[in-house]
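Each chain, written out:
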Amino acid sequence: MKPTLLILAAGMASRYGSMKQIDGFGPNGETIIDYSIHDAIKAGFGKISFIIREEFVDSFKSIFEPKLKGRVATDYVFQSFDLKPFGIDKEIERAKPWGTAHAVLAARNQVHEPFCVINADDYYGYDAFEKMVKFLTTEASDTQYSLVGYQIDKTLSDYGTVSRGVCEVDDSGNLTEVNERTAVYFTADGSVAYKDETGEHPLPNDTRVSMNFWGFTPAVFKQSEQMFKDFVAANEHNPKAEFFIPLVADNLVKSGQASFKVIPTSSKWFGVTYKEDKPIVQKCISDLVASGVYPENLWELKAEKA
């Protein structure tokens with residue numbers, strides 16, 4: 001059974017100012033998602049599941065169905081504020097959904113095969129998809145999951161500090177913990193460092209970081225559902241609290257329920273958070289097209305330029 005790709009696309013994009021998930025970045029208006037899907041199909045994924053808010057479904061179908069029909073199966077998962085499907089009989093007012101791990105849980109009735117989770121607004125590179133398919137089809141089990149570990153120096157910005165989840169890895173290549181570093185940057189000599197309240201600390205340029213590229217089996221749904229209930233109970237009066245995938249991973253590792261293999265990749269990552277990021281991402285994609293990594297017209301369908 002071919003694995004499924006879950007694309008997290010239900011975010012509000014409040015910092016971007018519009019729906020960056022379907023904004024055009026390629027030479028013919030291709031979205032970042034288009035390049036991820038292109039790489040995923042080539043690598044061997046059998047289905048693409050978009051995790052979205054229900055009010056987005058018509059927009060997503062109109063953009064992606066014409067391109068993907070006959071190429072790969074598609075599915076739509078709705079992330080909502082309704083807690084009753086999880087056995088929580090409360091209505092909690094929130095401006096944003098409950099986070100990435102809640103989004104994954106929303107797919108529990110629609111995904112029955114090993115699957116990968118990625119962000120809609122990040123570019124990951126083909127190597128990551130190829131390695132994840134290999135893991136999901138040959139190594140994944142209900143106690144062995146994975147994440148792709150990017151070299152930290154291939155995920156940084158030339159324009160300021162960023163936050164990165166720095167992976168601690170044991171001698172077997174498994175994750176022991178993820179440490180969130182909130183101010184990571186290039187130093188003047190091109191090395192990498194982060195700052196905290198105690199000062200500046202160097203990091204090796206090949207330090208592995210998580211960019212939200214995870215591999216699971218459906219067992220994770222049952223493993224994380226009670227965690228979500230506990231999280232809601234603890235945070236019902238905190239409208240900004242989010243149930244993130246690294247919280248689930250940390251719980252599973254520390255409780256001994258599952259291991260996470262850190263799959264190294266040398267691919268360059270880039271993503272979009274602010275409107276100011278758009279020309280940078282467009283230039284990165286233009287360079288990939290110019291070097292022959294992708295055709296100029298990704299799906300051989302003429303689309304309006306963004």
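Description of the structure in this document. Since the structure is predicted, the reported quantities are computational estimates derived from the model, not experimental observations.

Before going further, it helps to spend a moment on the nonpolar core. By size, the foremost hydrophobic cluster in this structure holds 57 residues, and its most contacted members are F50 and F213. In contact with F50, not counting residues within four places along its chain, are I7, I33, I37, F60, F64, L68, T74, D75, Y76 and V77. F86, I88, L175 and F221 belong to the second largest nonpolar core, which has 39 residues in total.

It is worth spelling out the environment of E300 at this point. With respect to the element layout, E300 can be found in the segment after α7 (278-290). What makes E300 exposed here is its relative accessible area of 71%. In this structure the C-alpha to C-alpha distance between E300 and F216, which are 84 residues apart in sequence, comes to 32 Å.

Our focus in this paragraph is helix α5 (residues 219-235). Here α5 contains 17 residues, and its C-alpha end-to-end distance of 25 Å stays within 8% of the 24 Å for a straight helix at 1.5 Å per residue. In the structure, α5 departs most strongly from a straight axis at E225, where the bend amounts to approximately 30°. Residues V220, F221, Q223, S224, M227, F228, F231, V232 and N235 constitute the buried set of α5. Among the structural elements, α3 (100-105), β4 (115-119), β6 (144-151), β11 (208-216) and α6 (245-255) are those in contact with the buried residues of α5.

Another aspect to go through is the packing of aromatic side chains. In total, this model carries 24 aromatic pairs according to the counting rule given. With a centroid separation of 5.9 Å and 85° between ring planes, the pair formed by F216 and F260 is classed as edge-to-face. Of this pair, F216 sits in strand β11 while F260 sits in strand β12 (residues 259-265); the two residues are 44 residues apart in sequence, bridging distant segments of the chain. For the pair formed by F216 and F260, the shared burial category is buried. Ring geometry for F228 versus F243: centroids 5.4 Å apart, planes at 45°, classification tilted. Here F228 is found in helix α5, whereas its partner F243 is found in the loop between α5 and α6, with 15 residues between them in sequence.

Let's shift gears to the pattern of salt bridges. Applying the stated rule across the entire model yields twelve salt bridges. Between E113 and K47 there is a salt bridge; the shortest N-O distance is 3.8 Å. Linking E113 in the loop between α3 and β4 with K47 in strand β2 (residues 47-52), this pair joins segments that are 66 residues apart in sequence. A relative accessible area of 9% means that E113 is categorised as buried. Residues D287 and K283 are paired through a salt bridge, measuring 2.9 Å at the closest nitrogen-oxygen approach. Pair noted here: D287 and K283 are both in helix α7, with a separation of four residues, about one helical turn.

Each value, and the rule that gives it
Residues numbered from 1 in each chain as written. Predicted model: local features only at pLDDT ≥ 70, side-chain atom pairs only at ≥ 80, totals over all residues. Heavy atoms only, no water. Core = buried A, V, L, I, M, F, W, Y, C linked by side-chain atoms within 4.5 Å. Buried < 20%, exposed > 50% of the residue type's maximum accessible area, 1.4 Å probe, protein only. Contact = heavy atoms within 4.5 Å. Helix = DSSP H or I, 4+ residues; strand = E, 2+ residues; numbered from the N terminus. Expected span 1.5 Å × (residues − 1). Bend = angle between axes of the 7 residues up to and from the residue. Phe/Tyr/Trp six-rings, centres within 6.5 Å; stacked < 30°, edge-to-face > 60°. Salt bridge = Lys/Arg side-chain N within 4 Å of Asp/Glu carboxyl O.

Geometric descriptors of this kind do not, in isolation, establish any biological role.
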